[in-house]
Structures are given as C-alpha cells and as structure tokens.
Amino acid sequence: MNHWIIAPILLPPLVGAVIIIAARYQVALQRIFSVASTVALAAIAIGLLVQSMSGQIGVYELGNWPAPFGIVLVLDRLSATMVTLTALLGVAVVLYAIGSGWDRRGNHFHALFQFQLMGIFGAFLTGDVFNLFVFFEVLLIASYGLMIHGGGATRLRAGVQYVVYNLLGSTLFLFALGTIYAATGTLNMADLALRVAELPAADTAMIRVAAILLLMVFAVKAALIPLHVWLPATYAEAPAPVAALFAVMTKIGAYAIIRVYTLVFGPDVAATADIIGPWLMPAAMITLAIGMLGVLGATHLGRLAAFAAIGSMGTLLIAIAPFTPQATTAALYYMLHSTLAGAALFLVVDMVRARRQAEDDSIAPRPVIAQNGLIAAFFFACGIAMAGMPPLSGFLGKLLVLDAVRDHAQVWLIWAVILLTSLVAVVGFARAGSMVFWKVDPAPDAAAAAPPPAALPFVATGGLVAGIVALTVFAGPVTGFLSATSAQVFDKQSYIDAVMNTPRAQEAEAANAAGKPLAYYGKDAGKAETGSTDTGTDTPQQEKTE
Amino acid sequence: MEYLLASAIGVLTAAGIYLLLRQRTFPVILGISMLTYAVNLFLFASGRVAINLPPILLNETPTYTDPLPQALVLTAIVISFGMTAVVVLMALGAYLSGRTDHINLGAAPDADRDAGTEVGK
C-alpha cells in the first residue's frame, strides 16, 4: 500500500493541532508552520499527481480492512488533479492572508485553514459515500470559523445564513445516504456501483429517489439554481483569502457530481440515466444566466466576484451534464481555470477594498487608490478570464465546452446561452472596471487611505494569474492529461476492480474459503496466532458477507 | 411499529421544515434540530426495523439487527450536536453585534463591516 495517499489528510490536522497548542499567541510561528505545511502539501500533491499519471488507481485501505467492509481512499487521475489544484491554491491563499494581514484580524486563522484543507483533500480522496459526508462536515465546520474570521455584524449574519443553509444540506445528505443504504446495503462507492447495476428494474424507485436527493446535496455545494442563494452573501462577506479558498469549495460539488454520477449512477445505469442529465442541463443554463446577469447588476465588487463564481459554476455544470468523456474533459479544464480565475478575482477585489476608506467596495467613483495601475491590470486579466475572452484560458475552456456539446439535442440553445452570457459578462466586467479604476472621484482627502505597500499580496495574486497563463500556454498537454482523466472516470470497471480486488481483499477471500480468520498483517497470513506483531486473533470480517 | 416510526419521522421533518422557514434565528435553529432528530431516526430505519435482536451475530440467535446504521447514527448525532452548538453561538454573536436576529440580511440597516466599531457601543 502506498502510504503517501493518506498524507494530505494527516498532515494538515497535525500541523493545525500544533498551531493551536504550541503557537497559540505567536502569529509568526503560526505563519511559519502554516506556510511550511501548505508547501509540503503542494509537493506531496504533485508527487501523487505524477504517480497517478501512470493510469494505475491507487487504493489505501484504512486499518488494512478490505474494501466493502473498511473505508478506502482512492487516488486516480481525477482526485489527484483536484488535490493538486487545492494544494496550489492553498499556497497562494496562505501567502495572501499573511501579506495582507488578514490572519491577524482574528484568532486561529491558520489552524482553521489547515483543517479546511484536510476536509477538502479528504472529500477528494475518499472512496466511501458516508466518509464523503464526514469530510464535507470537516471542511464545513472549518469554513464556518473561517467565514466569520475578523468578525463584524454583517459578516456574522451572513455566516449564520451560510451555516443554516449548509446544515440543511447536510441533513439532506444523511437522508440520501439512509435511502441508499436501505436500497443497496452498502456505502462504498465501488460496491455501490456493482449493486446499483444489479438492481432489478422493478425495484429501482428507492434508488432513483436517493440519486435525486444526492444530486440536490451536491447542487447546494455547487451553487446550482435554485440552491445557489447562500453563495452571494457568503462569498461577498467572507474574508478575501477565505473567499478565494471557497472558490474550490463549489468545485467539490462539481467533483462529487462527476464522481458519483459516472461511477454509481452512471449514464449506463438504466434506473437513473434519464433523470440526472436532463435535470442538470437546464438548471446549469439558468445558473449561468443568473450568474452573469448578477455580474452586470452588481453594485459592489464582492458581489460581482460572487456572481461571477456562480456563472462559472453554470458553465462547468453545462459541461458536466451530458456525461460524455469529451464533455467531461472540457468540464475538468474549465474547472481548473475557473478555480484559479475566481480565486484571483476575490484577491483583486480585496486589494481594492484594502486601499479604499472603510473597506468600501462599491462600484462607484472614489478617490484614486494606491497602485491603481497594477491592480487594474490584475482586474483586467481576471475579467478576461472569467468572461471567457481570448487570449486567456477562459476562452479555451468555453471553446472546449461549446465543442463538447456539439452532439447534444439542445446544442443551439446551449451555444446561445453560453455566448450571450459571455457578452453580458464582458459588459459587466468592463462597466465595473472602468467605474472603479478610471472614473476617479476628485475628493480632497485622497491621501487618507495609504496601506503599507506589501509585496506578498501581489505575489500571491500574480501567482494565480500566472497559473491561468500557464493553463493557456500548456493547454495542449493539460487537455491531453485531462482527456486521459475523463477516460479513466468513465472506465468504471477498472475503478471497481482496483478497489474491490486489492491484494488484501484477495487474502480475505482466500481466508474465507479456507474457513480461517484473516491474519492481521498480510505477510503473516495463516500464522496469526504466532505473530508477535499484535494480539493476532483479530476478528474475522467475512462473517458479514451474507 | 413501522407506522409509529414512519409517522414520527414525518412529523419531525414537517415541523422542522416549518420552523426552518421562519424569519428569526431561534425558530430556525429549533427547526434544524428537529430535522436532525428526524434524520437520525431515518438512518436507524434504513437498516430495517428489528425488535429485540442483538446488533451482532451470535451463535445462539440466528438473526441480528444491522449494526452499521447504528454506527452511522452515532456519527450523525455527534456531528449534528457539534454543528448545532456552532450555529447557536454564531447566531448569538450575530444578534449581539447586529442588534437583530432576522435571518434575512436586508431586514435591518447594514451595520459596520469592521469588527472594532461595535465594541464601544
């Protein structure tokens, strides 16, 4: 077993605990630990990504329990890509938080940040739906703390909305899981895929309900219409580094939709094939339209960035909804792009806020801010990327999406929605940008807001923009890797084989056939009693094979 | 027994959703608690309702009740307990600093964004 797979889940909580216990009052130490941990996580994530490129699906059995009985972590190309994306975003966000002083405005920013990373990595790596729920809760409870970091009445009240909405989502998740367990008797994704495919046609009512319930849960996370209402206030009011990290949180919903609705309720499963895609597509188109209209109508930069995030989720879900390998490739490319662009946009908005009086981010003429030109250039780049204009990766992403839905029945409608909303977004960003950066209010007290010219925020934001540029320049190799990823996602048999037929599972099978208890360690199979490693006679788990 | 359990889950869910749609934080939190009770019972029922059976396979009894949903319920209870505590504290903080317990952000004049400004009042 490759123990590196669990490292992204183990490292952040350990560092987080050290930060809370040992470095509670020393911000400098907290920063050192936090940066070291995120950089190490990025290195580990890239290592895992390189490993996954071979096409081998890595399986980590927690506690050495084979698949349907124990919880497994699964590292395939998709999860490795998402883990790497999160880790790299984490580095940029933590640098920005330090550079802008956001981490000093309240307690425990870095500890909460580490726990948040743990939850996100866990959600991407787990191969068990109930474990997915648990990691959702881990990342949510950390995000509640981060969301209200720095305090303030409006932020707290937006935080309450956010918490209530997500608690509702969690309850719905539990209802869905209960229904799935009642219908199939398992919660392991690979095992579920086997059992759902075997269900007799007359007996699928429950699993169809569960599939729709689960889609609603992921739609809450992915901010799909009409379950998006929590997002604008949350993202606009959250501290900027947190909002930037949240850019990857909506993608968790998208990831979960890709994972569950290709593996468990895939397009080849007769029971659910006709309910997921046809519902997802129109909802995604409306999400895109609402998001981009919100960009046009926003009166504050924070809201503008939040609605741009909703719009990008709409485009992303349009690409997911057909559930074909080509469309999924486009979706994955757009997912990488929109995470970086969305995060960068939140950071740019915060740079404007920090340089104005009273953190005012309204889209209206104000005294000229410090470093106006550089920040305007960043905003321009983010606007181009989010709206999908050439030459940045947003354009390529949208082109891939347009190309991928070519064979869809509603192709003209989809094209019209994507192209028109792009125009709306261009107008919205142009209006906001020219109003904020060019129309200067010649107030006498222009010199009042002069923040320290810290370089780190520019490094962090510039890093994200550089990521977008790199995604554009290396679009060929990236899409090549992503099409291999989506091919692997749709090859569900290899996933099931990898999870269900590990060496340990075969050992358990052999021990069961021989009527012997399963030895604790693989090497000591058959001589468990004499083994000096442990109490030896660990209870056999084959009894439940039913 | 099935009827009792099913109607209990249904009534709790209905009451929870009704309370959740209220405007103020306190009924909303009560509604969330109701919903978590409902979902805990529902998870129990997902392993089939069995009476007077051990949750473990023994030699003397031929059948057993499924232990896994009980483990799931335990996890769900712990998580929902923690989450409820968090939301109560956050709602209290929001009420104390915002002087209103309306869920809706537009229901009260937008207070200051800064943390420090509220302290002196």
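Notes on the structure in this doc start here. (Residues numbered from 1 in each chain as written. Chains lettered and ligands numbered in written order. Predicted model: local features only at pLDDT ≥ 70, side-chain atom pairs only at ≥ 80, totals over all residues.)

1. Regarding the overall build of chain B
Next, step 1: The helix and strand tally for chain B stands at 3 helices and 0 strands.
Next, step 2: Tracing chain B from N to C terminus, the helices and strands come up as α-α-α.
Next, step 3: Out of the 121 residues in chain B, the part that is buried amounts to 29%.
Next, step 4: Looking at chain B alone, contacts between residues at least 24 apart form 49% of all its contacts between residues at least 6 apart. (Helix = DSSP H or I, 4+ residues; strand = E, 2+ residues; numbered from the N terminus. Buried ≥ 20, exposed ≤ 12 C-beta atoms within 10 Å, placed from the backbone. Contact = placed C-beta atoms within 7 Å.)

2. What about the nonpolar core?
Residues and elements named next belong to chain A.
Next, step 1: One finds L317, I318, L347 and V348 to be the most contacted residues of the largest nonpolar core, which totals 234 residues.
Next, step 2: Element by element, the count of residues in this core is highest for helix α14 (residues 325-355), at 20 residues.
Next, step 3: Aside from chain neighbours lying at most four places away, what touches I318 is M281, A284, M285, L288, V401, I414 and I418. (Core = buried A, V, L, I, M, F, W, Y, C linked by C-beta atoms within 7 Å.)

3. Here we look at the packing of helix α13 (residues 301-320) of chain A against helix α16 (residues 393-404) of chain A
Residues and elements named next belong to chain A.
Next, step 1: Here α13 crosses α16 at 35 degrees, and the two axes come no closer than 9 Å. For the crossing formed where α13 meets α16, the hand is left-handed. Across the interface between the two elements, T315, I318 and A319 from α13 touch K398, V401 and A404 from α16.
Next, step 2: When the residues that make up the contact of α13 with α16 are grouped by side-chain class, the tally is 4 nonpolar, 1 polar and 1 charged. (Axes fitted to C-alpha atoms, helices over the stretch in contact; angles between N-to-C directions. Left-handed = near helix turned anticlockwise from the far one by under 90°. Nonpolar A, V, L, I, M, F, W, Y, C, P; charged D, E, K, R; others polar.)

4. Things to note about α16(A)
In an α-helix, one turn spans 3.6 residues; hence positions three or four apart end up facing the same way.
Residues and elements named next belong to chain A.
Next, step 1: For α16, built from 12 residues, the straight-helix expectation of 16 Å at 1.5 Å per residue is met to within 8% by its first-to-last C-alpha distance of 16 Å.
Next, step 2: Those residues of α16 lying buried are S393, G394, L396, G397, K398, L400, V401 and A404.
Next, step 3: Where α16 is buried, its residues contact α13, α14, α15 (372-387), α17 (411-438), α18 (456-473) and α19 (475-490). (Expected span 1.5 Å × (residues − 1).)

5. Description of the interface of chain B and chain A
Where the parts come together, the accessible area they lose is often given as the size of the interface.
Next, step 1: Facing 35 residues of chain B, the contacting portion of chain A comprises 31 residues.
Next, step 2: Those elements that place two or more of their residues in the side of chain B that touches chain A are α2 (25-45) and α3 (68-98) of chain B.
Next, step 3: Looking at the side of chain B that touches chain A, the element that brings in the most residues is α3(B), giving 15 residues.
Next, step 4: Among the residues forming the side of chain B that touches chain A, the class breakdown is 22 nonpolar, 8 polar and 5 charged.

6. Here's the deal with the pairing of strand β1 (residues 58-61) of chain A
All names here are of chain A.
Next, step 1: Along β1, one buried face is formed by G58 and Y60 and the opposite face, lined by V59 and E61, is buried too.
Next, step 2: Taken together, the 4 bridges between β1 and strand β2 (residues 72-75) define a ladder with antiparallel strand orientation. Its bridge partner being in β2, E61 is matched across the sheet by V72. (Pairing = 2+ DSSP bridges.)

7. Observations concerning the environment of A:A202
Residues and elements named next belong to chain A.
Next, step 1: Its place among the elements puts A202 in the loop between α7 (189-198) and α8 (205-222).
Next, step 2: What makes A202 exposed here is the crowd of 6 C-beta atoms within 10 Å.
Next, step 3: Expressed as a C-alpha distance, the spacing of A202 and A271, which sit 69 residues apart in the sequence, is 9.4 Å.

8. A few points about the environment of A:I363
Residues and elements named next belong to chain A.
Next, step 1: Here I363 lies in the loop between α14 and α15.
Next, step 2: By the C-beta count within 10 Å, which is 19 here, I363 ends up partly exposed.
Next, step 3: It is 9.3 Å that separates the C-alpha atoms of I363 and S434, two residues lying 71 residues apart in sequence.

9. Side note on unusual backbone geometry
Next, step 1: Look at the link from A:I225 to A:P226: it is a cis peptide, with omega at 0 degrees.
Next, step 2: Following the sequence through the fold, A:P226 ends up in the loop between α8 and α9 (231-237).
Next, step 3: Phi is positive for A:A223, which is not a glycine, with a value near 60 degrees.
Next, step 4: Structurally, A:A223 can be placed in the loop between α8 and α9.
Next, step 5: Even without glycine at this site, B:R99 takes up a positive phi of about 60 degrees.

10. Observations concerning the environment of A:G428
Residue and element names in this part refer to chain A.
Next, step 1: Along the chain, G428 turns up in helix α17.
Next, step 2: Between the C-alpha atom of G428 and that of L304, which follows or precedes it by 124 residues, the distance is 8.5 Å.
Next, step 3: Not counting residues up to four positions away in its chain, the partners in contact with G428 are M292, V295 and L296.

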